[in-house]
Amino acid sequence: MLARVRLVLVGPPGSGKGTQGPVLASHLGVPHISTGDLLRRHVDSGTALGRRVAEVIDRGELVPDDLMIDVVVDALGDAATRGYVLDGFPRTVTQAEVLEKGGSALPAPDLAVHLTIPDEVVHQRLAKRAIEEGRRDDADPEVIERRLRLYREETEPLIAHYRDRDALVTVDGDGPLEDVSSRLLDAVSRQAPGEPRR
Ligand code: AMP
């Protein structure tokens, strides 16, 4: 019923997009595409893009929209027609608008899922992830503050953007992993259309 659904996950750092994204994608049978993971892979492989974005990521800033759009078009490939769970993109209204006007290379999402989480839980989760995954941008309090500020300034306007288009569902991202997964799956199966928007 949910074949080829296209979802975007919106939430602050540490809200569980990277944990819940793959769970959701595997239930829906669509690819999970995390722009943060894609960029980190470029950094680790030392590609030209990786060298360009490494410092931006370490400082907790946003990679410029035009660069990000190229990355996503490239990564989506035929996933665009097979459906997707996009995690970490769009992160600005400009990116969301490109996703809406992007045509066959970047077909618009059916639904945006907003994962909510209290600030103190964000800090706890990022501290844990800094130790477990060694991400430098999770270890520096100043960088975390910058990421949270940019989330509020640049990404949060997406909530109203998708609500206005009647394409928003909000899910409580706090609590045990399995509980959040089942809330998410429940919310998505109630909201997502059987066939994607054309
Ligand atoms: P994430 O793994 O989603 O926390 O992303 C890690 C970092 O990658 C972010 O702090 C940004 O520097 C960069 N990044 C990921 N996705 C985007 C995007 N859609 N737009 C701009 N920068 C991004």
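A brief report on the enclosed structure follows. (Residues numbered from 1 in each chain as written. Predicted model: local features only at pLDDT ≥ 70, side-chain atom pairs only at ≥ 80, totals over all residues. Heavy atoms only, no water.)

This part covers the nonpolar core. If you look at the biggest cluster of nonpolar residues, it comprises 28 residues, and the most contacted ones within it are Val8, Leu39 and Leu86. Secondary structure elements with two or more residues in this core: β1 (6–10), α2 (35–45), α3 (48–59), α4 (65–76), β3 (84–87), α6 (93–101) and α9 (157–164). Those residues in contact with Leu39 that sit more than four places away from it in its chain are Leu49, Val53, Ile57, Val63, Met68 and Val71. Counting residues in each nonpolar core, the second largest holds 17 residues, with Leu24, Val85, Leu111 and Val171 among its members. (Core = buried A, V, L, I, M, F, W, Y, C linked by side-chain atoms within 4.5 Å. Buried < 20%, exposed > 50% of the residue type's maximum accessible area, 1.4 Å probe, protein only. Helix = DSSP H or I, 4+ residues; strand = E, 2+ residues; numbered from the N terminus. Contact = heavy atoms within 4.5 Å.)

Pro90 follows Phe89 through a cis peptide bond whose omega is 0°. Its identity as a non-glycine residue notwithstanding, Asp166 has a phi of 60°, on the positive side. One can find Asp166 in the loop between α9 and β5 (168–172).

Moving on, we get to the site of the ligand. Around the ligand sit 15 residues in total, of which Thr35, Arg40, Glu61, Gly88 and Gln95 are the nearest. Taking Thr35, its side chain carries an N or O atom lying 2.8 Å from a nitrogen atom of the ligand. Between Gln95 and the ligand, the recorded distance is 3.0 Å, taken from a side-chain N or O atom to a nitrogen atom. Across the complex, the protein chains shield 96% of the 480 Å² of accessible surface that the ligand would expose by itself. A per-element tally of the shell around the ligand places α2 first, with 4 residues. (Near = heavy atom within 4 Å. Polar contact = N/O pair within 3.5 Å; in protein donor to acceptor, adjacent residues only side chain to side chain. Areas by Shrake-Rupley, 256 points an atom, 1.4 Å probe, with all protein chains shown as cover.)

The next subject is the side chain of Gln95. Following the sequence through the fold, Gln95 ends up in helix α6. Gln95 sits in the buried class, given a relative accessible area of 3%. For Gln95, the contacting residues outside a window of four places in its chain are Val63, Asp65, Met68, Phe89 and Pro90.

Turning our eyes to something else, we now look at the pattern of salt bridges. Under the counting rule described, the total for this entry stands at 14 salt bridges. One salt bridge in this structure joins Asp138 and Arg147, with 3.0 Å as the shortest N-O distance. Judged by relative accessible area, Asp138 falls into the buried class, the value being 2%. The buried category is assigned to Arg147, whose relative accessible area is 12%. Between Asp186 and Arg190 there is a salt bridge whose closest N-O contact spans 3.2 Å. Placement of both Asp186 and Arg190 in helix α10 (residues 177–191) is noted, with a separation of 4 residues, approximately one turn of the helix. (Salt bridge = Lys/Arg side-chain N within 4 Å of Asp/Glu carboxyl O.)

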